[in-house]
Amino acid sequence: IGIEIEVRDEVTSTNALLKDMAAKGALEGRVLIAKRQTEGRGRLGRNFFSPKNGIYLSILLRPDMDFREAMLLTTIAAVAVVEAVREVTGRDTGIKWVNDVYLEGRKICGILTEAVTDVESGRLSYAVVGIGVNITKPSEDAFPDELKDIAGFVYDDEEPPKGVMSRLSAAIVKNYFKYYEKLPEHRFMESYKKYQILINKDIFVITPEGKKKARAYGVDDEARLLVEYEEGGKEALFTGEVSVREA
Ligand code: BTN
């Protein structure tokens with residue numbers, strides 16, 4: 001795969017832009033990095049607050065896979081970020097199922113994969129994996145209240161150490177393709193399981209019907225979270241249907 005990286009100061013959303021490029025024929029391996037986003041997209045239709053001193057990065061992929069396998073593309077990203085942060089900063093992060101990266105109890109990275117499927121074959125036409133990492137804290141007044149208790153940063157200082165943004169971006173991209181190119185072997189799955197932070201913890205499983213207390217006891221090879229409900233019964237939770245938080 002030829003990796004071609006483009007860096008821009010400010011964009012609406014790296015995912016949105018890269019999807020446009022994909023629709024116009026851009027090749028697998030195209031990477032778009034921005035220093036700020038004005039319309040960053042999060043999961044479940046939410047916005048992703050994207051001020052300066054964050055990394056906003058999207059990767060274009062054209063895997064020959066069924067749409068049901070597309071979540072593996074997100075799983076790889078979570079592993080790639082955890083390992084990149086460790087390589088570049090020495091700090092230990094973990095994955096909060098499904099694919100948020102946490103540092104000391106706070107979310108430092110979110111991942112959003114947008115896949116476009118061929119209607120007839122059910123195979124992916126392309127997928128854009130978007131990764132947003134909070135590097136340093138934005139000024140207090142610019143920081144939305146609803147994020148204050150959740151969001152964390154790779155560094156506590158106002159300015160990131162010199163060179164760290166580009167080293168971290170490069171490490172994320174490099175790790176991503178290392179695993180992606182070995183995709184049929186699923187070598188990253190063991191790491192994905194190992195980095196989970198909710199295992200053996202009491203959690204709430206939240207669905208549109210309400211929330212139920214459970215204990216998380218593992219993650220299977222399809223990246224489903226295995227839970228045992230307090231009221232009895234076990235379940236393998238599939239991404240997208242539910243969200244979980246620590247009880
Ligand atoms: C989430 O936690 O809800 C997922 C957030 C994903 C944010 C990244 S930043 C780069 C890429 N471009 C976007 O507009 N979103 C993703």
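Here goes a summary of the coordinates provided.

1. As for the sheet that holds strand β9 (residues 210–219)
At step 1: Taken together, the five strands give an open sheet; going across it, the order is β11-β10-β9-β8-β12, and neighbouring strands pair in antiparallel fashion. A single partner strand is all that each edge strand has here, and the edge strands are β11 (234–237) and β12 (243–246). Sheet twist, expressed as the mean angle between neighbouring strand axes with direction ignored, is 40°.
At step 2: Bridge analysis of strand β8 (residues 202–207) against β12 gives four bridges, and the strand direction is antiparallel. Note that in β12 the partner of Val-205 across the bridge is Val-244.

2. Description of the environment of Glu-4
At step 1: Inspection of the secondary structure assignment puts Glu-4 in strand β1 (residues 4–11).
At step 2: Among the residues examined, Glu-4 registers a relative accessible area of 49% and is labelled partly exposed.

3. Quick word on the nonpolar core
At step 1: Leu-73, Ile-131 and Tyr-176 are the most contacted members of the largest nonpolar core, which totals 64 residues.
At step 2: With 13 residues, the single largest contributor to this core is helix α2 (residues 71–89).
At step 3: In this structure, this core is formed jointly by two domains, domain 1 (4–194) and domain 2 (202–246), each of which donates at least three residues.
At step 4: The contacts of Ile-131, once residues within four sequence positions are left out, are Ile-55, Tyr-56, Leu-57, Ala-77, Val-81, Cys-109, Gly-110, Ile-111 and Ile-172.
At step 5: With 11 residues, the next largest nonpolar core counts Leu-17, Leu-18, Ala-22 and Ala-26 among its residues.

Calculation criteria
- Residues numbered from 1 in each chain as written.
- Predicted model: local features only at pLDDT ≥ 70, side-chain atom pairs only at ≥ 80, totals over all residues.
- Heavy atoms only, no water.
- Pairing = 2+ DSSP bridges.
- Helix = DSSP H or I, 4+ residues; strand = E, 2+ residues; numbered from the N terminus.
- Axes fitted to C-alpha atoms, helices over the stretch in contact; angles between N-to-C directions.
- Buried < 20%, exposed > 50% of the residue type's maximum accessible area, 1.4 Å probe, protein only.
- Core = buried A, V, L, I, M, F, W, Y, C linked by side-chain atoms within 4.5 Å.
- Domains from an automatic or database assignment.
- Contact = heavy atoms within 4.5 Å.

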